[in-house]
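Close look at the chain arrangement
Given next are the chains, with one letter for each unit.
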Amino acid sequence: MLRDRFFKFGLKLAGGLIALLIFSIFVSLVIASIPSIKEFGLSFVFGKEWNPVEEHFSALPFIIGTLLTSVLALAISLPFSLAIAFFSGEFSKKGLISSLIAYATDLLAGIPSVIYGFWGLFFLVPLIRKLELSFNIPPYGVGIFTASLVLSIMIIPYASSMARDVIALVPSDLKEAGFALGSTRLEVIKKVIFPYSVSGIFAGLLLAFGRAIGETMAVTMVIGNANRIPHSLFEPANTLASVIANEFTEATSDIHLSSLIYLGLILFIITFFINYIGNMIIERMSVNGRS
Amino acid sequence: MGEVKLRILKDRIFTFIIYLLTFLSVIPLFAILFSLVKKGLGVINLNFFITLPKPPPDAGGILNALVGTFLLVLIASIVSIPIGIVAGLFLVETRNRFANMLRVLINVLQGLPSIVIGIIAYLWVVKPMGGFSALSGGIALGIMMLPMVVKSTEETIKLIPYTLREASYALGADYFTTIFKVVLPAGISGILNGILLGIARIAGETAPLLFTAFGNPYLNFNPAKPVDSLPLLIFNYAMSPYERWQNAAWGASFVLIAFVLLINIGVKLGGRRWRVKL
Amino acid sequence: MESEIIKIRDFSAGYGQNFVLKNINLSFEKNKVTAIMGPSGCGKSTLIRCINRMHELNLDAIHKGDILFNGKSVFETNPILLRKKIGMVFQRPNPFPTMSIYDNVIAGYRLNGIKLSKKEFDLIVEDSLKKAFLWEEVKDNLHKKGTFLSGGQQQRLCIARAMAVNPDVLLLDEPTSALDPKATAMIEELIVELKKTVTIILVTHNRTQAARVSDFTVFLYLGELIEYGSTETIFTTPKNPKTEEYLIGKFG
Ligand SMILES: Nc1ncnc2c1ncn2[C@@H]1O[C@H](COP(=O)(O)OP(=O)(O)O)[C@@H](O)[C@H]1O
Ligand SMILES: [Mg+2]
């Protein structure tokens, strides 16, 4: 049938278009970065200065800012995310409380990031400021730590949901074998459940990390927007995403804009690989699970 | 004996910690919802929805943002839904390396920072058109929505039993008819749920709109002109020094979160109610 | 020879490199019920799915030899036209979940874009449901979804759906294996009744069912045709020891 052939071709076309879309995103970023790449080359990545006035641009302050905020956010959210994962994947698989928890994490994931930023700005920032005062550090309120705190809440759903799913999938006969040997639940978790689900948990954390790296609005609103390398966690800084959000519409010179896009390209490459690896692990797991 | 007691004690402590941390994790959610209700609800009245922003110190309403959000979501849906459904079908129907790669790529696309998508829409639409526009913002949001449409289509259609198709083929229907009259209708509620959740997600996006839709204090229906959106308005008002504007931002946040929650609840309830019984 | 509506000639079929059916030669008599029996995995489904060319829907499907329907090779007939003349009912009832009972019955028309008047459709629906012994049970609920019926009713709905396009042949692939005994009995009665209008090819691995409803029986084993003859002969004086073993239950 002619129609079927057209239709099947249409299916392939749609698939191809999406692949092309992702490829073109990369290519466009590269092309638009070329002026900056030509001007600064690779030293862009390692240079310490971002100075729009003198038109000298480099990415290190933001790479450091991004890594600090997201690593710290992941570290803060880790115990909570794992607790949720074990709670709803093992301790309380069914029932009212576990579905309430599931619903709550769904909602956390559904809150727009601008609202996280807004709430952080009006509740966390004053809180942190008080804290800083009592420790005798400059009371910015905003800064890396505040941003990490907001981020850590935001990534809980991402870090916990994947982990919960893989923990819930651990075959019960394996666990029962553990209990039958007289192990406590903690021991079963350590010796049976954790080893069985560790790669899935890792993949989930990786994807959550990717989220944290790319998160823009919430961070922009509470990080303080300073274009220098931070020396303490309580100093204002900027991430790759937040500096783009801040300066993109104000960039007057072509080289400034191109440098911001260059930052976007770096962000793209980092998150591309993190997501690629995370999803490959998941894909691999589901293939193994099927066979 | 003592050793066993120690093991049991450790187990108890561990269990306690798990429960404690789990319950602590939901506190921020309630804190956020609480402040939205406390600060936002008071601002909201009919005027808030049907008037335009006013210059400071007044704040006015959010009609411009509501209209803008609607326009952006509409454009994003047009951009993403048809191609997303067809690509989702492609993933169900195709078993080869390209399909596997595409599946991973779509997940990667979903994980890309929204600000990067904003840059792309700027490069692809704003620059050629010579100015900010609803169209560019809608396209940015559409690119973000695309993976969600593809994935919900794939996941739904994958679950439609193959015997339904066989029944259709056995009646002499061709592939095209089988897909459009049998398979897609059987999966429509799942796909629709995915689309609704996608809309809830993109309606709250700010970053990709900063330099595409840009914001606009006036009413605008023209896709070639800048528009405001709820999250954009929240951002601009929240960062402003005027108290009334900040209050309006709380009100707008309440409206936005209510919209997102309603869609989520609707999908949860409706998903059960309207699901096609297979 | 006029009475043989389907003739299978030196026919082999399979998946990938493997032939599951090996060199089958077989004819089906018009307006009779022919049961195809054999242990599971022996190729019964593959065989009947070749008759209406459903087999080709498998990407790795292979076949050689020929199948003639009314004297013409099915492989030279447009599969869409072929399937309208050769209806099929499957192991699990599969009414279309989005369609009402009414729409399910006329799905063969709707899916193929054939437009008739409401009156004509009403007649077809009533007639087909009556043929499928379902009319009395559903006539007041024609516009409810078919998925709310019981399993047996669903299967009769699927038979009505297949009958609605006036096929010459009806392929039934273990139509009762998912049903309870009462629903099974009903379908068996229905099969006997239906052979007045259509030729029926019934795959079953229920020996007594084959004995009850069929006129002819085919015994397949590991993809080969072991024995073919009138049901009475096969069940009383089988020629091949394998047939006998199967019928008294050695490898069922
Ligand atoms: N889609 C398929 N791909 C590969 N092999 C198949 C497929 N379907 C069936 N087979 C194989 O073909 C043989 C016959 O299957 P089938 O015709 O379904 O047997 P029956 O209906 O008699 O139980 C079996 O060995 C089965 O494993
Ligand atoms: Mg079979």
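The sections below set out a description of the structure shown in this document.

Thoughts on the overall build of chain A
A count of helices and strands for chain A gives 11 helices and 0 strands. Overall, chain A shows an N-to-C arrangement of helices and strands of α-α-α-α-α-α-α-α-α-α-α. Expressed as lengths along the three principal axes of its C-alpha atoms, the size of chain A is roughly 75 × 70 × 30 Å. Counting only residues that meet the buried cut, chain A has 56% of its 291 residues in that class. Considering only intrachain contacts with a sequence separation of at least 6, the fraction spanning at least 24 residues in chain A is 72%. Summed over all atoms, the accessible surface of chain A reaches about 12,700 Å², with 68% contributed by carbon and sulfur. Each charge class in chain A was averaged separately, 19 positive and 18 negative side chains, and the resulting centres sit 12 Å apart.

As for the layout of surface pockets
Residues and elements named next belong to chain B. Volume-wise, the second largest pocket comes out at about 410 Å³. For the second largest pocket, the lining is made up of 21 residues, of which L210, F214, L232, F235 and N236 are closest to its centre. For the lining of the second largest pocket, the leading source of residues is helix α10 (residues 230–238), giving 5 residues. Tallied by class, the residues present in the lining of the second largest pocket amount to 11 nonpolar, 7 polar and 3 charged.

Structural notes on the state of the cysteines
Residues and elements named next belong to chain C. A complete count under the given rule lists 0 disulfides over all chains for this structure. Here C50 stays free of any disulfide, with the sulfur of C42 as its closest cysteine sulfur at 13 Å. By relative accessible area, C50 is classed as buried at 3%.

Remarks on the sheet that holds strand β4 (residues 61–69) of chain C
Residues and elements named next belong to chain C. On the basis of which strands lie adjacent, the open sheet formed by 4 strands has the order β2-β1-β4-β5 and antiparallel pairing. If you trace the sheet from one side to the other, it starts and ends with β2 (18–29) and β5 (72–73), each paired once. Of the strands in this sheet, β1 (4–15), β2 and β4 are in contact with helix α1 (residues 44–51), which crosses β1 at around 120°.

Some words on the interface of chain B and chain A
At the interface, 82 residues of chain B touch 80 residues of chain A. Taken over both partners, the interface formed by chain B and chain A buries close to 7,200 Å², and the fraction arising from carbon and sulfur atoms is 81%. Joining chain B to chain A, the criterion identifies 4 salt bridges. A salt bridge links E283 of chain A to R103 of chain B; the nearest nitrogen and oxygen atoms lie 4.0 Å apart. With 13 residues, helix α1 (residues 2–25) of chain B is the largest single contributor of residues to the side of chain B that touches chain A. A class-by-class count of the residues in the side of chain B that touches chain A yields 58 nonpolar, 15 polar and 9 charged.

Here's the deal with the site of ligand 1
Residues and elements named next belong to chain C. The full set of residues close to ligand 1 is Y15, V20, S40, G41, C42, G43, K44, S45, T46 and N58. Interatomic distance of 2.6 Å between a backbone N/O atom of G41 and an oxygen atom of ligand 1. A distance of 2.6 Å separates an oxygen atom of ligand 1 from a polar atom in the side chain of S45. Across the complex, the protein chains shield 59% of the 560 Å² of accessible surface that ligand 1 would expose by itself. In terms of residue count, the dominant contributor to the shell around ligand 1 is α1 (3 residues).

Side note on the environment of A238 of chain B
Position of A238 of chain B relative to the elements: it lies in helix α10. By relative accessible area, which is 4% here, A238 of chain B ends up buried. Not counting residues up to four positions away in its chain, the partners in contact with A238 of chain B are F118, L121, F122 and M221 of chain A together with Q246 and A249 of chain B.

Conventions and cut-offs
- Every residue gets a number counted from 1 within its own chain, in the order that chain's sequence is written.
- For this description, chains carry letters from A and ligands carry numbers from 1, given in the order in which they are written.
- Per-residue local features are limited, in this predicted model, to residues with pLDDT of at least 70; the limit for side-chain atom pairs, both in listing and counting, is 80 or more; totals at the level of whole chains, interfaces and linings are taken over all residues.
- The basis for every side-chain value is the complete set of heavy atoms in the structure, and neither hydrogens nor water enter the calculation.
- In this description a helix means any DSSP run of H or I spanning at least four residues, a strand means any run of E spanning at least two, and both kinds are numbered starting from the N terminus.
- Relative accessible area decides the class of each residue, using a 1.4 Å probe on protein chains only: under 20% of the type maximum gives buried, over 50% gives exposed, and in between gives partly exposed.
- Whether two residues touch is decided by their heavy atoms; if any such pair falls within 4.5 Å, the residues are in contact.
- Note that accessible areas follow from Shrake-Rupley with a 1.4 Å probe, and for residues the cover is restricted to the protein chains shown.
- Just so you know, the count uses Lys and Arg for positive and Asp and Glu for negative, and it drops His and the chain ends.
- We put the charge of a Lys on NZ, of an Arg on CZ, of an Asp on CG and of a Glu on CD.
- Here a cavity denotes grid points, spaced 1 Å and computed from the protein atoms alone, that fit a 1.4 Å probe unable to get out, and a pocket denotes an open set having protein on both sides within 12 Å along at least 5 of 7 lines; residues with an atom within 4 Å of a point are the lining.
- Grid points are joined across faces, edges and corners, and a volume is the space filled by probe spheres set on the points.
- Charged residues are taken to be Asp, Glu, Lys and Arg, nonpolar residues to be Ala, Val, Leu, Ile, Met, Phe, Trp, Tyr, Cys and Pro, and polar residues to be all remaining types, Gly included.
- Criterion for a disulfide: a pair of cysteine sulfur atoms within 2.5 Å.
- Following DSSP output, two strands are said to pair if at least two bridges run between them.
- In this analysis, axes come from line fits to C-alpha atoms, helices being fitted only over the stretch in contact, and the angle between any two N-to-C directions falls in the range 0 to 180 degrees.
- Two parts placed together each lose some accessible area; with a 1.4 Å probe, that loss summed over both constitutes the buried area.
- Salt bridges are defined as contacts in which a side-chain nitrogen from Lys or Arg sits within 4 Å of a carboxyl oxygen from Asp or Glu.
- Residues are counted as near a molecule or strand when any one of their heavy atoms sits within 4 Å of it.
- Polar contacts, as used here, are pairs of N or O atoms within 3.5 Å; protein pairs need one atom able to donate a hydrogen and one able to accept it. Residues neighboring in sequence count only if both atoms are side-chain atoms.

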